[in-house]
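# Structure at a glance
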Amino acid sequence: MPAGAGRHGLPQGRRLCWLLCAFTLKLCQAEAPVQEEKLSVSTSNLPCWLVEEFVVSEECSPCSSFQAKTTPECGPTGYVEKITCSSSKRNEFKSCRSALMEQRLFWKFEGAVVCVALIFACLVIIRQRQLDRKALEKVRKQIESI
């Protein structure tokens, strides 16, 4: 007799779970080719630096006021670099992060961490003093009761 032949198969809940898993798997397999076609069509709209090799023509520099208004790549960081894509020979702008900006962000973060550490150190000292006072008061009451 094979293993599990005495039982009536999987419990109802497990059967339903396996049925849903199989259905989901079939559904995902059926949709996969359609998604690949959509991806292949949308890659033509991507900037060339995402799909091919590129060379940096101009180093990362702050955007001018004109560039900030007209170039969408200036939006995220306020810095932009000019690149030339190797195979298509297109010149494009790419958003970048400057070392100066990174340094400022680092020191802001460090300052915030130090401030939070000082606040919590003060809270620990205050709490320790409260607990010491309570302990001394308890000892004083015990001595008085003798």
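What you see as residue numbers is a count from 1 along each chain, following the sequence as written. Per-residue local features of the predicted model are confined to residues with pLDDT of at least 70, and side-chain atom pairs are confined, for both listing and counting, to 80 or more; whole-chain, interface and lining totals are unaffected and use all residues. Each side-chain value is derived from all of the structure's non-hydrogen atoms; neither hydrogens nor water enter the calculation.

The name given to the protein in an unreviewed UniProt entry is Protein JTB, and the organism recorded there is Aotus nancymaae. UniProt positions are given in the numbering used here, feature names are shortened, and annotations may be inferred rather than shown by experiment. Here is the UniProt Subunit (unreviewed entry) comment for the protein, exactly as written: "Interacts with AURKA, AURKB, BIRC5 and INCENP. May be a component of the CPC at least composed of BIRC5/survivin, CDCA8/borealin, INCENP and AURKB/Aurora-B." According to the UniProt record, the Sequence similarities (unreviewed entry) comment for the protein reads "Belongs to the JTB family."

### Quick notes on the overall build of the protein
Each helix is a run of DSSP H or I of at least 4 residues and each strand a run of E of at least 2, with the numbering of both proceeding from the N terminus. When helices and strands are counted, the protein shows four helices and three strands. When its helices and strands are written in sequence order, the protein yields α-α-β-α-β-β-α. Relative accessibility under 20% of the residue-type maximum defines a buried residue, over 50% an exposed one, and the middle range a partly exposed one, all with a 1.4 Å probe and only protein chains included. Buried positions account for 11% of the 146 residues belonging to the protein. Contacts between residues were defined by any pair of non-hydrogen atoms, one from each residue, lying within 4.5 Å. Taking the intrachain contacts of the protein between residues at least 6 apart in sequence as the baseline, contacts between residues at least 24 apart amount to 42%. The Shrake-Rupley method, run with a 1.4 Å probe sphere, supplies the accessible areas, and residue values consider only the shown protein chains as cover. Roughly 12,400 Å² of accessible area belongs to the protein as shown, and the carbon and sulfur atoms make up 65% of that amount.

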